[in-house]
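Remarks on the overall topology
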Amino acid sequence: MAPISEKRDLPRLGDVDIVRLCLTNDRQAFAELVRRHGATLRTHLRRMGAQGADADDMAQEAFMICHEHLGEYRFDGPFAGWLKKIASRRYLKKVRGNAKYLFTDDMSAFEPEAVTPDNGFKAHNLDAALGRLRPVERLCVTLNFSGDLSHQEIADELKIPLGTVKSHIKRALDQLKAILSPSPEMKPAILETGS
Amino acid sequence: MKDSELSDLFATPARFDDTEAFEGRVMRGLQVKLWMRQWLVVLAGFVGGLYALAQFVRLPEWTSGGKVAYAETFHKAAVDTDNTLRVGIEFVDVARQSFGNLLNQSGQYLTFMQTPVFFWLSFSLCLAFLGLYYAYSQEETL
């Protein structure tokens, strides 16, 4: 049992200490985990492709599953990573059930306008840039960069060949770099003094 | 742009205005889940207890209304007013008979609960619950 003084300093404690407190059925400690990682999880789900309300529902479910299975956390990696894996699997399960089109070859009906270096589309932030990718590319690159899953793990989760995963990620990275890099024709503004 | 810069972008969460509301929502959901689970256990215990009671406690020749029993009980209670333990026991007896009569009058539930049909019905229901619980736990496996 943690001392009361320790409970008052929850924001100062590390994730590992807070998880240990949660294992003693400390509700305040779990609320602190939600406070700390809620935004990260909601962002991760949105970047995977979940819509706003859906993403929040799944984030909530992920936290509840996490609370249920907290004893299975092995403290062998960042807690946020473990949480993201739970949420990712939750989302993928839903996607497999409801949006089977995501993994089919013919995506023409669902694809946004292709991004090429010629059409000069630029985004202000990562989320807007991700919105320009094909759903499966977006999923792969987010699982790799945000979910910290290896290519093989992604292939296992999505049940698609490893080579396909690699090509999806490569194409997504190329497009993201093209969209997010500053435009070469943008030159620094020249201030006129007026004199 | 380098891969590491992209990693940094991915590591930066978006800002949400409703952080506190989301936290409250998660904690409420958790509370409801725990509450429902507890009450499911209580309900299962109650049904199981009732079933066990119906199996072991036999109350032959119940009379609807129980006028005779009431009159006798109240007479004894009036005679021995200072004997609180006895009065308490008799009160429980009245309550038991009233409850038994109520059950008897409303559809012969206890009789039904002592039949093999009820046993197989409750047994299969329990099995179904266990099956559902197992399926759900498999689904939640991380």
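Scroll up to find the structure this text is about.
Cut-offs applied
Residues numbered from 1 in each chain as written. Chains lettered and ligands numbered in written order. Predicted model: local features only at pLDDT ≥ 70, side-chain atom pairs only at ≥ 80, totals over all residues. Heavy atoms only, no water. Helix = DSSP H or I, 4+ residues; strand = E, 2+ residues; numbered from the N terminus. Buried < 20%, exposed > 50% of the residue type's maximum accessible area, 1.4 Å probe, protein only. Contact = heavy atoms within 4.5 Å. Areas by Shrake-Rupley, 256 points an atom, 1.4 Å probe, with all protein chains shown as cover. Buried area = accessible area lost by both parts, 1.4 Å probe. Salt bridge = Lys/Arg side-chain N within 4 Å of Asp/Glu carboxyl O. Nonpolar A, V, L, I, M, F, W, Y, C, P; charged D, E, K, R; others polar. Phe/Tyr/Trp six-rings, centres within 6.5 Å; stacked < 30°, edge-to-face > 60°. Axes fitted to C-alpha atoms, helices over the stretch in contact; angles between N-to-C directions. Parallel < 35°, antiparallel > 145°, perpendicular 65-115°, else oblique.

Further remarks concern the overall build of chain A. A count of helical and extended segments in chain A gives nine helices and zero strands. From first element to last, N terminus to C terminus, chain A shows the α and β order α-α-α-α-α-α-α-α-α. Per-residue burial for chain A yields a buried fraction of 47% across its 195 residues. A sequence separation of at least 24 residues applies to 57% of the contacts in chain A between residues at least 6 apart. Only carbon and sulfur atoms are counted for the fraction: they give 53% of the accessible area of chain A, which is about 10,400 Å².

Listed as interface residues are 39 residues of chain A and, on the opposing side, 27 residues of chain B. With both chains or domains summed, chain A and chain B bury close to 3,200 Å², and 63% of this area falls on carbon and sulfur atoms. For the chain A face of the interface with chain B, the top three residues by lost area are A:R27, A:R42 and A:F145, together amounting to 20%. Between chain A and chain B we count six salt bridges in total. Top element by residues in the side of chain A that touches chain B is helix 3 (residues 27-48) of chain A. It accounts for 12 residues. The residue inventory of the side of chain A that touches chain B, partitioned by class, reads 17 nonpolar, nine polar and 13 charged.

A side chain of one charge can pair with a side chain of the opposite charge if their charged atoms are brought near each other. As enumerated under the stated definition, the model contains 19 salt bridges over all chains in all. Salt-bridge contacts for A:R42 lead to B:D18; the nearest nitrogen and oxygen are separated by 2.9 Å. Taken as a pair, A:R42 in helix 3 and B:D18 in the loop between helix 1 (3-11) and helix 2 (19-56) lie in two separate chains rather than in one. Residue A:R42 is classed as buried on the basis of its relative accessible area of 2%. Overall, B:D18 belongs to the partly exposed group, its relative accessible area being 32%.

Moving on to the packing of aromatic side chains. For the structure shown, the criterion picks out 11 aromatic pairs over all chains. Measuring from ring centre to ring centre gives 6.0 Å for B:W35 and B:W39, while their planes differ by 50°; the resulting arrangement is tilted. Within this pair, B:W35 and its partner B:W39 are both found in helix 2, separated by four residues, close to a single helical turn. A ring pair is formed by B:W120 and B:F123, whose centres lie 5.8 Å apart and whose planes are at 85°; its orientation type is edge-to-face. Linking B:W120 with B:F123, this pair stays in helix 6 (residues 116-139), spanning three residues, or about one helical turn. You can call B:W120 exposed: its relative accessible area is 52%. Here B:F123 falls in the partly exposed class, since its relative accessible area comes to 39%. Members of the aromatic cluster, connected to one another through ring pairs, are A:Y73, A:F75, A:F79 and A:W82.

It is worth spelling out the packing of helix 7 (residues 135-145) of chain A against helix 9 (residues 162-180) of chain A at this point. Residue and element names in this part refer to chain A. Interaxial distance between helix 7 and helix 9 falls to 8 Å at its minimum, and their mutual angle equals 90°. Between helix 7 and helix 9, the crossing angle belongs to the class labelled roughly perpendicular. The segment helix 7 lies against helix 9, with V136, E137, C140, V141, N144 and F145 engaging H168, I169, R171, A172, L173, Q175 and L176. In terms of residue class, the contact of helix 7 with helix 9 is built from eight nonpolar, three polar and two charged.

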